[in-house]
Amino acid sequence: MVHLQDNGFAVKEVNVSQAKLAAVRARNGVSNRLAACHTALVEGYVVEGHVPAEDILRLLEERPAVAGLAVRGMPAGSPGMEQLGAAKESYVVISFDESGTTRIYARH
């Protein structure tokens, strides 16, 4: 959340049960294989996991016909997973649509 706030996003944290979170994901096209630790709704898109703000800003600028973006797992060095002196993992940001089609949106 701090990463998004630092990049100009107004963030409202809502703690919900796992069942409610699963329902939010299902309503917004997030498959179980894309589900991560955080889910955000941003201007009509869903953002799942540790997606960098730069990719969310690009999404909002380009407005592609996708349901949202996702980062699977918690890659070291991704937003919120930084550790001083620790090596960063390479990871991909995946776009997905309502039909379940996925594509690589960005590489980090």
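In what follows, the structure referred to is the one given above.
Computed from a prediction, not measured in an experiment: that's the story for all the values here. (Residues numbered from 1 in each chain as written. Predicted model: local features only at pLDDT ≥ 70, side-chain atom pairs only at ≥ 80, totals over all residues. Heavy atoms only, no water.)

1. Re the environment of valine 71
And step 1. Among the structural elements, valine 71 can be located in the loop between β3 (68–70) and β4 (92–96).
And step 2. What makes valine 71 buried here is its relative accessible area of 0%.
And step 3. Residues valine 71 and serine 31 lie 40 residues apart in sequence; the distance between their C-alpha atoms is 12 Å.
And step 4. If we ignore the near neighbours within four places in the chain, the residues touching valine 71 are Ala36, Glu48, Gly49, His50, Val51, Tyr91, Val92 and Val93. (Helix = DSSP H or I, 4+ residues; strand = E, 2+ residues; numbered from the N terminus. Buried < 20%, exposed > 50% of the residue type's maximum accessible area, 1.4 Å probe, protein only. Contact = heavy atoms within 4.5 Å.)

2. A word on the pattern of salt bridges
And step 1. Summed over the entire model, instances satisfying the criterion amount to three salt bridges.
And step 2. Notably, a salt bridge pairs glutamate 48 with arginine 25, separated by 2.9 Å at the nearest N-O pair. Highlighted residues: glutamate 48 in strand β2 (residues 45–48) and arginine 25 in helix α2 (residues 18–27), separated in sequence by 23 residues.
And step 3. We classify glutamate 48 as buried; its relative accessible area is 0%.
And step 4. Two residues, arginine 58 and glutamate 62, come together in a salt bridge whose shortest N-O distance is 3.2 Å. Of this pair, arginine 58 and glutamate 62 both sit in helix α3 (residues 53–62), four residues apart, which is roughly one turn of that helix.
And step 5. For glutamate 62, a relative accessible area of 46% gives the class partly exposed. (Salt bridge = Lys/Arg side-chain N within 4 Å of Asp/Glu carboxyl O.)

3. A short note on the sheet that holds strand β5 (residues 102–107)
And step 1. Strands sit in the order β1-β2-β3-β4-β5 across an open sheet of five strands; the sheet is mixed. Strands with a single pairing partner mark the edges of an open sheet, and in this sheet they are β1 (39–42) and β5. Taking the axes of each pair of neighbouring strands and ignoring which way they run, one obtains an average angle of 25 degrees across the sheet.
And step 2. Bridge analysis of β2 against β3 gives three bridges, and the strand direction is parallel. The residue bridging valine 47 from the neighbouring strand is leucine 69, located in β3. (Pairing = 2+ DSSP bridges. Axes fitted to C-alpha atoms, helices over the stretch in contact; angles between N-to-C directions.)

4. Overview of the pairing of β2
Consecutive side chains along a regular strand alternate between the two faces of the sheet.
And step 1. Along β2, one buried face is formed by Tyr45 and Val47 and the opposite face, lined by Val46 and Glu48, is buried too.
And step 2. The sheet contact formed by β1 and β2 spans four bridges and is antiparallel. Among the inter-strand pairings, valine 42 is bridged to a residue of β2, identified as tyrosine 45.
And step 3. Hairpin connection between β1 and β2: a loop of two residues separates the two successive antiparallel strands, and glutamate 43 in this loop has a positive phi of roughly 45 degrees.
And step 4. In terms of handedness, the path from β2 via α3 over to β3 forms a crossover that is left-handed. (Right-handed = clockwise from strand over helix to strand, strands pointing away.)

Spatial relationships are all this shows, so hold off on functional conclusions.
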